[in-house]
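Structural features, examined
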Amino acid sequence: DGGTLGAGKLGIAGEAGAELISGPADITPMNDLMRELGALNETSAVMLMTLKDIARKQGDAVDTSKKLLQVAQN
């Protein structure tokens, strides 16, 4: 729930699997971590929509280029 791990105290952290940590260390509250993960998820969703939009527009440009090339060849 957050707080401080005192000097000489041991604790278990789970960021990269269970690992032993020793104090002194500040402990980030789970709610803060979940809020940051939620913000990261929202940012990732926006980036994904943007990339999909870019890919669609590139596809449209390729289609237009193919049509122009066909007209020029005829």
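Computed from a prediction, not measured in an experiment: that's the story for all the values here. (Residues numbered from 1 in each chain as written. Predicted model: local features only at pLDDT ≥ 70, side-chain atom pairs only at ≥ 80, totals over all residues. Heavy atoms only, no water.)

Some words on the overall build of the protein chain
Helix and strand counts for the protein chain stand at one helix and four strands. Tracing the protein chain from N to C terminus, the helices and strands come up as β-β-β-β-α. By residue count, 5% of the 74 residues in the protein chain fall in the buried class. Within the protein chain, counting contacts between residues at least 6 apart in sequence, those at least 24 apart form 14% of the total. For the protein chain, the exposed surface amounts to about 6,500 Å²; the carbon and sulfur share of it is 59%. (Helix = DSSP H or I, 4+ residues; strand = E, 2+ residues; numbered from the N terminus. Buried < 20%, exposed > 50% of the residue type's maximum accessible area, 1.4 Å probe, protein only. Contact = heavy atoms within 4.5 Å. Areas by Shrake-Rupley, 256 points an atom, 1.4 Å probe, with all protein chains shown as cover.)

Describing the environment of Ser 22
With respect to the helices, strands and loops of the structure, Ser 22 is situated in strand 3 (residues 19–22). A C-alpha to C-alpha distance of 7.3 Å links Ser 22 and Ala 7, two positions 15 residues apart in sequence. Among all residues touching Ser 22, those that are not within four sequence positions of it are Leu 5, Lys 9 and Leu 10.

What about the pattern of salt bridges?
Following the criterion strictly, the structure yields three salt bridges and no others. Of the charged contacts in the structure, one is a salt bridge between Asp 53 and Lys 57, with a shortest N-O distance of 3.2 Å. Of this pair, Asp 53 and Lys 57 both sit in helix 1 (residues 30–73), four residues apart, which is roughly one turn of that helix. Assessed through its relative accessible area of 28%, Asp 53 is described here as partly exposed. Asp 60 is paired through a salt bridge with Arg 56; the nearest N and O atoms lie 3.5 Å apart. Linking Asp 60 with Arg 56, this pair stays in helix 1, spanning four residues, or about one helical turn. (Salt bridge = Lys/Arg side-chain N within 4 Å of Asp/Glu carboxyl O.)

Details of the confidence of the model for the protein chain
Low pLDDT marks stretches whose predicted atomic positions should not be read closely. Taken over all residues, the pLDDT of the protein chain has a mean of 81, while the share at 70 or more is 84%. Looking at the elements of the protein chain, mean pLDDT is at its lowest for strand 3, recorded as 69, and at its highest for helix 1, recorded as 88. (pLDDT = per-residue confidence, 0-100.)

Some words on the environment of Gly 3
Structurally, Gly 3 is set in strand 1 (residues 3–5). When its relative accessible area of 39% is taken as the criterion, Gly 3 is described as partly exposed. Apart from the residues within four sequence positions on either side, Gly 3 is in contact with Ala 25, Asp 26 and Ile 27.

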